[in-house]
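Coordinates in review
Listed below are the residues making up each chain.
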Amino acid sequence: QVQLVESGGGLVQAGGSLRLSCAASGRTFSSYAMGWFRQAPGKERDFVAAISRSGASTTYVNSVKGRFTISRDNAKNTVYLQMNSLKPEDTSVYYCAIARTSRVWPVGEADFGSWGQGTQVTVSS
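A quick note: this is a predicted structure, and the numbers were derived from the prediction, not measured. (Residues numbered from 1 in each chain as written. Predicted model: local features only at pLDDT ≥ 70, side-chain atom pairs only at ≥ 80, totals over all residues. Heavy atoms only, no water.)

**Some remarks on the environment of tryptophan 115**
Basically, it comes down to this: Segments assigned H or I by DSSP are reported as helices when at least four residues long, segments assigned E as strands when at least two residues long, and all are numbered from the N terminus. Here a residue-residue contact requires only that any non-hydrogen atoms of the pair lie within 4.5 Å.
With respect to the helices, strands and loops of the structure, tryptophan 115 is situated in strand β10 (residues 112–115). Sequence separation between tryptophan 115 and isoleucine 98 is 17 residues; the distance between their C-alpha atoms is 6.8 Å. Aside from chain neighbours lying at most four places away, what touches tryptophan 115 is Leu4, Phe37, Arg45, Tyr95, Cys96 and Ala97.

This is the structure:
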């Protein structure tokens, strides 16, 4: 049973930065693509970014390109989301996710099968 535990959320002013972390256990981490999603109050969960199992390939939703960076450390079974130039509209609960199937890339939203409990990010104006 895979476990994903996010951390690093908090309250930040617009223009600030946060770094989210997600520690994974229960699978061979380096065999799976990983992703980040977010869900604002009253809205559906949306895809934010994904990274291939080696870390060589990444993909982002247009609204965060140039501001957010996804990365991973396979030795630590951890995926990160560096968020810079934060905007109030980035306020959401952020979830990390792991692909359903190993060795798959590229991945779409439907390819992710398990999520963590989420971490709240609040950006004040």
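**Things to note about the nonpolar core**
Rules: In these notes, a set of buried Ala, Val, Leu, Ile, Met, Phe, Trp, Tyr and Cys residues joined through side-chain atoms within 4.5 Å is what counts as a nonpolar core. Exposed residues in this analysis have more than 50% of their type's maximum accessible area, buried residues have under 20%, and partly exposed residues fall in between, with area computed by a 1.4 Å probe over protein chains only.
Of all hydrophobic cores here, the largest spans 27 residues; its most connected members are Trp36, Val79, Leu81, Met83 and Tyr94. Only β3 (18–25), β4 (34–39), β5 (46–51), β7 (68–73), β8 (78–83), β9 (92–99) and β11 (119–124) provide two or more residues apiece to this core. Per-element accounting of this core gives the leading share, four residues, to β3. With eight residues, the next largest nonpolar core counts Ala33, Phe47, Ala50 and Val107 among its residues.

**Structural notes on the side chain of serine 92**
Relative to the helices and strands, serine 92 is located in strand β9. Every residue in contact with serine 92, bar those within four places of it in the chain, is listed here: Arg38, Gln39, Ala40, Thr119, Gln120 and Val121.

**Considerations on the state of the cysteines**
The cut-off we apply is this: Cysteine sulfur pairs qualify as disulfides if the two atoms are within 2.5 Å.
For the structure on display, the rule yields one disulfide. One disulfide in the model links cysteine 22 with cysteine 96; its S-S distance is 1.9 Å. Taken together, the positions of cysteine 22 in strand β3 and cysteine 96 in strand β9 put the pair 74 residues apart, joining distant regions of the chain. A residue is classified by how much of its surface remains accessible, and cysteine 22, at 0% relative accessible area, is buried. Using a relative accessible area of 0% as the deciding quantity, one classes cysteine 96 as buried.

**Details of the layout of surface pockets**
Heads up, the condition is: A pocket, in this scheme, is an open set of points on a 1 Å grid over the protein atoms alone with protein on both sides within 12 Å along at least 5 of 7 lines, while a cavity is a set where a 1.4 Å probe fits but cannot get out; residues line either one if an atom lies within 4 Å of a point. Grid points are joined across faces, edges and corners, and a volume is the space filled by probe spheres set on the points. Amino acid classes used here: Ala, Val, Leu, Ile, Met, Phe, Trp, Tyr, Cys and Pro are nonpolar; Asp, Glu, Lys and Arg are charged; the rest, including Gly, are polar.
In this structure, the largest pocket spans a volume of roughly 190 Å³. Lining the largest pocket are 13 residues; nearest its centre among them are Arg38, Ala40, Asp46, Glu89 and Ser92. Among the residues forming the lining of the largest pocket, the class breakdown is three nonpolar, four polar and six charged.

**Structural notes on the sheet that holds β3**
Filter applied, for reference: The pairing criterion is simple: DSSP has to find at least two bridges between the two strands. Each axis is a line fitted through C-alpha atoms, and for a helix only the stretch in contact is used; angles between axes span 0 to 180 degrees, taken between their N-to-C directions.
Pairing in this open sheet of four strands is antiparallel, and the strands run β1-β3-β8-β7 from one edge to the other. Here the strands that pair on one side only, and so sit at the sheet edges, are β1 (3–7) and β7. The average angle at which neighbouring strand axes cross in this sheet is 15°, direction not considered. Across six bridges, β3 lies against β8 in antiparallel orientation. Counterpart to arginine 19 in the pairing with β8 is glutamine 82.

**Some details on the pattern of salt bridges**
Going by this rule: A pairing counts as a salt bridge when a side-chain nitrogen of Lys or Arg comes within 4 Å of a carboxyl oxygen of Asp or Glu.
If you walk through the whole model with that rule in mind, you get two salt bridges. Note that aspartate 90 and arginine 38 form a salt bridge whose closest N and O atoms lie 2.9 Å from each other. Of this pair, aspartate 90 sits in the loop between β8 and β9 while arginine 38 sits in strand β4, placing them 52 residues apart in sequence. For aspartate 90, a relative accessible area of 1% translates into the label buried. Relative accessible area serves as the criterion here: at 11%, arginine 38 is assigned to the buried category. Notably, a salt bridge pairs arginine 67 with aspartate 90, separated by 2.7 Å at the nearest N-O pair. Remark: aspartate 90 occurs in the loop between β8 and β9 and arginine 67 occurs in the loop between β6 (58–60) and β7; sequence separation between them is 23 residues. In this structure, a network of salt bridges that share partners links the residues Arg38, Arg67 and Asp90.

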